[in-house]
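# Coordinate analysis (summary)
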Amino acid sequence: MDLDTLIGIALAVAVVAILLSQSVQIVKEYERGVIFRLGRSRGAKGPGLFFIIPIIDKMVKVSLQTVTMDIPPQDIITKDNVTVRVNAVTYFRVIDPSHAVIEVENYAFATSQISQTTLRSIIGQADLDDLLTKRDDINAELQSIIDSHTDPWGVKVSVVEVKDVELPDSMRRAMARQAEAERDRRAKVIHAKGEQEAAETLSRAAAELEEHPAALQLRLLSTMTEVAAEKNSTLIFPLPVEMLRFFENVTPPEIPRSPS
């Protein structure tokens with residue numbers, strides 16, 4: 001063999017090797033390969049080992065794993081004219097590889113853009129109180145709207161969560177004062193209810209003692225026992241209640257007046 005023949009054989013072997021390397025495609029378990037033959041879709045294949053026709057066939061691999069995508073912070077004015085800064089996170093995955101490749105140029109970028117737009121729209125229609133207290137309802141509404149937009153692309157949005165809501169400093173101070181006033185109001189209401197219950201209990205106790213005078217005397221003796229246990233130098237002996245009532249019932253005699 002002359003040199004030109006060897007060079008030709010080497011070039012042929014190289015071309016065959018390149019064509020074989022391009023014809024063998026391995027699709028992983030979490031991937032699907034969308035095959036195009038002369039520009040026409042042949043559907044999604046995988047997982048496993050596949051052979052395609054070089055130059056004629058082209059394979060585009062699409063991951064089926066769930067993607068976690070942060071929605072950048074958005075400065076939004078709520079329905080009650082409060083400026084807030086909101087960021088969120090979106091979880092989505094491809095359920096139809098063919099639609100994800102054919103229907104949209106870049107499904108991840110498109111999902112990100114529609115998530116930002118929907119976040120601004122929904123938060124702009126909500127009051128600040130609803131944004132802070134009804135977070136689950138807002139998350140569900142965001143997920144439903146974004147998923148309805150991405151469904152034609154073969155993309156399923158499973159969860160959308162609002163992560164953080166940043167408020168202006170003036171609004172934080174106002175909310176702190178409101179919370180403090182609310183705590184003071186609750187404390188006063190609880191104290192008033194306690195005074196009412198105490199008054200009702202004392203009223204019932206007084207009525208019970210009035211019906212049983214001996215019980216009042218026993219209560220006085222019990223109080224004296226508690227006082228004596230404290231080792232005080234002065235002891236007070238109360239008069240019996242019956243004696244006080246006797247003095248109340250006795251009418252003092254009239255003093256005769258001397259004739260003038």
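For the structure, check the block above.
Residues numbered from 1 in each chain as written. Predicted model: local features only at pLDDT ≥ 70, side-chain atom pairs only at ≥ 80, totals over all residues. Heavy atoms only, no water.

## Overview of the pairing of strand β3 (residues 40–45)
In the case of a regular strand, side chains alternate between the two sheet surfaces. Of the strand pairs in this sheet, strand β2 (residues 31–37) and β3 are connected by four bridges, and their pairing is antiparallel. Within β3, the residue paired with Val34 across the bridge is Ala44. Between β2 and the antiparallel strand that follows it, β3, lie two residues; Leu38 among them carries a positive phi value of about 55°. (Pairing = 2+ DSSP bridges. Helix = DSSP H or I, 4+ residues; strand = E, 2+ residues; numbered from the N terminus.)

## Some details on the sheet that holds strand β7 (residues 83–94)
Overall, antiparallel pairing links the three strands, which are arranged β6-β7-β8 in an open sheet. Only two strands of the sheet have a single neighbouring strand rather than two, namely β6 (67–77) and β8 (155–166). Put simply, the sheet's adjacent strands are angled 25° from each other on average, direction ignored. As judged from the ten bridges shared by β7 and β8, these two strands associate in the antiparallel manner. In the sheet register, Thr90 faces β8, and the bridge partner there is Val160. (Axes fitted to C-alpha atoms, helices over the stretch in contact; angles between N-to-C directions.)

## What to know about the pattern of salt bridges
Across all of its chains, the model carries seven salt bridges by this definition. Among the salt bridges present, the one from Arg185 reaches Glu182, with a minimum N-O distance of 2.6 Å. Of this pair, Arg185 and Glu182 are both found in helix α6 (residues 169–211), three residues apart, which corresponds to roughly one turn of the helix. What makes Glu182 partly exposed here is its relative accessible area of 30%. Salt bridges sharing common partners tie together Glu182, Arg185 and Arg186. (Salt bridge = Lys/Arg side-chain N within 4 Å of Asp/Glu carboxyl O. Buried < 20%, exposed > 50% of the residue type's maximum accessible area, 1.4 Å probe, protein only.)

## With respect to the pairing of strand β1 (residues 24–27)
With burial as the criterion, only one face of β1 is covered, namely that bearing Gln25 and Val27; the residues Val24 and Ile26 on the opposite face remain uncovered. Relative to strand β4 (residues 48–51), β1 runs antiparallel, the two sharing four bridges. When the sheet's bridge partners are listed, Gln25 is paired in β4 with Phe50.

## With respect to a negative patch on the surface
A surface patch of like charges, here negative, comprises Asp136, Asp137, Glu141 and Glu161. Take the negative patch: its biggest share by element is three residues, from helix α5 (residues 135–150). With respect to the secondary-structure elements, Asp137 resides in helix α5. Of the residues examined, Asp137 reaches a relative accessible area of 51% and is grouped as exposed. (Patch = residues over 30% accessible without salt bridge, like charges linked within 9 Å, V, L, I, M, F, W, Y side chains within 5 Å. Areas by Shrake-Rupley, 256 points an atom, 1.4 Å probe, with all protein chains shown as cover. Lys, Arg positive; Asp, Glu negative; His and termini not counted. Charge placed at Lys NZ, Arg CZ, Asp CG, Glu CD.)

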